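What follows is the residue order along each chain.
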Amino acid sequence: MAGTYTFTIIKPGAVNNEHIGPILNKINNSGFHISAMKLIKLRTAQAKKFYEVHRDKPFYNDLIEFMTSGPIVVAILEKENAVEEYRKIIGATDPEKAEEGTIRKLFAQSMQKNAVHGSDSDENAKIESDFFFSNSERFSIFEERDF
Ligand code: ATP
Ligand code: MG
């Protein structure tokens, strides 16, 4: 069964261009619940660990430099089939190939400065969420709560 949450980053370029509000609006309007969120600046070691799968790629060093260049928003988003549903609304990695109306089409500056990250599997959604959030920082709509 597909998972109910994904992990996202609003990347430095989008934060710097005051796109946090419009991107969160799009996320909520697409039926996602924000179950965890914070504004942080990645340290180089954290960025390297997060993007370790890309360490042999030619764009790796530039990517680490970019991702540590300013504050980012990290968040956990809930919806049925969240990973796939979120990848649909963010669009292709290359914003020129992203569909009209997607977050990357609307807010990306380039392939590298492509506005947001979205987990690519349920397994990575868990790893990435656990990397940034403790249990006391997460508020699931799928678990019982009493506000
Ligand atoms: P993300 O993991 O950030 O959600 P993605 O899964 O669509 O993006 P990946 O292939 O995992 O794409 O690449 C991770 C990130 O590395 C991209 O979001 C982008 O910022 C950067 N990147 C990927 N390919 C290139 C490239 N050819 N040139 C420059 N930057 C790139
Ligand atoms: Mg990826």
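Structural data are supplied above this passage.
To keep things clear, this report deals only with the structure shown in the data block. (Residues numbered from 1 in each chain as written. Chains lettered and ligands numbered in written order. Predicted model: local features only at pLDDT ≥ 70, side-chain atom pairs only at ≥ 80, totals over all residues. Heavy atoms only, no water.)

Description of the packing of aromatic side chains
The full count for this structure, using the stated rule, is seven aromatic pairs. Their ring planes at 5 degrees and their centres at 5.2 Å tell us that Phe7 and Phe132 sit as a pair that is stacked. Placement of the pair is Phe7 in strand S1 (residues 5-10) and Phe132 in helix H7 (residues 122-132), with a sequence separation of 125 residues. The two residues Phe7 and Phe132 agree in class, both being buried. Note on Phe32 and Tyr86: the rings are 5.6 Å apart at their centroids and 80 degrees apart in plane angle, and the pair reads as edge-to-face. Of this pair, Phe32 sits in the loop between helix H2 (20-29) and strand S2 (33-40) while Tyr86 sits in helix H5 (residues 82-90), and the two are 54 residues apart along the sequence. Since its relative accessible area comes to 1%, Tyr86 is described here as buried. Counting every residue linked through ring pairs, the aromatic cluster contains Phe7, Phe50, Tyr51, Phe131 and Phe132. Seen from the ring of Phe32, Lys79 lies directly overhead, with NZ or CZ sitting 5.0 Å from the centre. The ring of Tyr5 has Arg138 sitting right over it, with the charged end atom 5.1 Å from the ring centre. (Phe/Tyr/Trp six-rings, centres within 6.5 Å; stacked < 30°, edge-to-face > 60°. Helix = DSSP H or I, 4+ residues; strand = E, 2+ residues; numbered from the N terminus. Buried < 20%, exposed > 50% of the residue type's maximum accessible area, 1.4 Å probe, protein only. Lys NZ or Arg CZ within 6 Å of the ring centre and 35° of its normal.)

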